[in-house]
Amino acid sequence: AQKVTQAQTEISVVEKEDVTLDCVYETRDTTYYLFWYKQPPSGELVFLIRRNSFDEQNEISGRYSWNFQKSTSSFNFTITASQVVDSAVYFCALSEYGGAQKLVFGQGTRLTINP
Amino acid sequence: GAGVSQSPSNKVTEKGKDVELRCDPISGHTALYWYRQSLGQGLEFLIYFQGNSAPDKSGLPSDRFSAERTGGSVSTLTIQRTQQEDSAVYLCASTILGGGGGDTQYFGPGTRLTVL
């Protein structure tokens, strides 16, 4: 069975600090997909990134970066120079290849950026 | 708008009543999902529709839950004889599902259901 673990329930940092959100996954599939979503206080899930299991290249998008390591089954997310607008709940998710491709979510990490 | 829309945004009902939640997917998206977000269970998959194929109902928690998708577009999630544990935010998502796998699911704003 697939499982995603986000061990950090809540993180609170001061603005401009860097922060890393951890995500560890379990799957027996050799082909799978990993996602990060952001849920701001408004409640809507906002897609951030998708990564397939064959692409271990790290990705950077502005202040956001993602580190995918198959050897440790981790897909961590770092925000550099955090801002108050980054405050949200962040979810890591896993989907299978083929079939319904339903998302299996972690429990989420609530990130609070204090001014 | 071009995104996934859901209605109502909030629904308060009494225990034992039936409720219907609606989802309008992004135009052109063939696949539609329902998820539930609750304090105790987090985000969990409920049901999946793809084109004219039989839906994947493996996530529905009980036979009080059902869903349909008419004309390959709009979907309605129905909860019969609501219970207090049904209180949650119900999220709908859609995607193109081009066959390559891993297509990004785009979510609607959700319907917050409160069962008194």
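Residues numbered from 1 in each chain as written. Chains lettered and ligands numbered in written order. Predicted model: local features only at pLDDT ≥ 70, side-chain atom pairs only at ≥ 80, totals over all residues. Heavy atoms only, no water.

Let us look at the overall build of chain B. Of the regular secondary structure elements, chain B holds zero helices and 10 strands. Scaling as 2.2 N^0.38, a compact globule of 116 residues should have a C-alpha radius of gyration of about 13 Å, and chain B matches this with 14 Å. Each of the three principal axes of chain B carries a C-alpha extent, and together these read 40 × 30 × 25 Å. When the 116 residues of chain B are sorted by exposure, 49% land in the buried category. Long-range contacts, defined as pairs at least 24 residues apart, comprise 55% of the intrachain contacts of chain B with a sequence gap of at least 6. For chain B, the computed accessible surface area is about 5,400 Å², with 45% contributed by carbon and sulfur atoms. (Helix = DSSP H or I, 4+ residues; strand = E, 2+ residues; numbered from the N terminus. Rg over C-alpha atoms; globule rule 2.2 N^0.38 Å. Buried < 20%, exposed > 50% of the residue type's maximum accessible area, 1.4 Å probe, protein only. Contact = heavy atoms within 4.5 Å. Areas by Shrake-Rupley, 256 points an atom, 1.4 Å probe, with all protein chains shown as cover.)

This part is about the interface of chain B and chain A. The interface is formed by 22 residues belonging to chain B together with 18 residues belonging to chain A. Summed over both partners, the interface of chain B with chain A comes to about 1,700 Å²; 51% of that surface belongs to carbon and sulfur atoms. The largest per-residue losses of area from chain B upon contact with chain A belong to Leu43(B), Gly102(B) and Phe107(B), which jointly make up 31% of the total buried on that side. Between chain B and chain A we count one salt bridge in total. Across the pair Asp56(B) and Lys102(A) runs a salt bridge whose closest N-O atoms are separated by 3.8 Å. Summed over the shared surface of chain B and chain A, the number is seven residue pairs in polar contact (both at pLDDT 80 or more). Counting only elements with at least two residues in the side of chain B that touches chain A, the list comes to strand 4 (31-38) and strand 5 (42-50) of chain B. It is strand 5 of chain B that contributes the most residues to the side of chain B that touches chain A, four residues altogether. Residues of the side of chain B that touches chain A, tallied by class, amount to nine nonpolar, 11 polar and two charged. (Buried area = accessible area lost by both parts, 1.4 Å probe. Salt bridge = Lys/Arg side-chain N within 4 Å of Asp/Glu carboxyl O. Polar contact = N/O pair within 3.5 Å; in protein donor to acceptor, adjacent residues only side chain to side chain. Nonpolar A, V, L, I, M, F, W, Y, C, P; charged D, E, K, R; others polar.)

With that settled, consider unusual backbone geometry. Ser7(B) connects to Pro8(B) through a cis peptide bond whose omega is -10°. Along the polypeptide, Pro8(B) turns up in the loop between strand 1 (5-7) and strand 2 (10-13). Even without being a glycine, Lys16(A) presents a positive backbone phi close to 85°. The topology assignment puts Lys16(A) in the loop between strand 2 (10-14) and strand 3 (19-21). On the basis of relative accessible area, Lys16(A) is assigned to the exposed category, the value being 68%.

Now for the side chain of Gln39(A). Among the structural elements, Gln39(A) can be located in strand 5 (residues 32-39). Within the structure, the side chain of Gln39(A) is placed 2.9 Å from the side chain of Gln37(B), a separation counted as a polar contact. Setting aside residues no more than four positions away along its own chain, Gln39(A) makes contact with Glu44(A), Leu45(A), Ala88(A), Val89(A), Phe91(A) and Gln37(B).

By themselves, these figures tell us nothing about what the structure is for.
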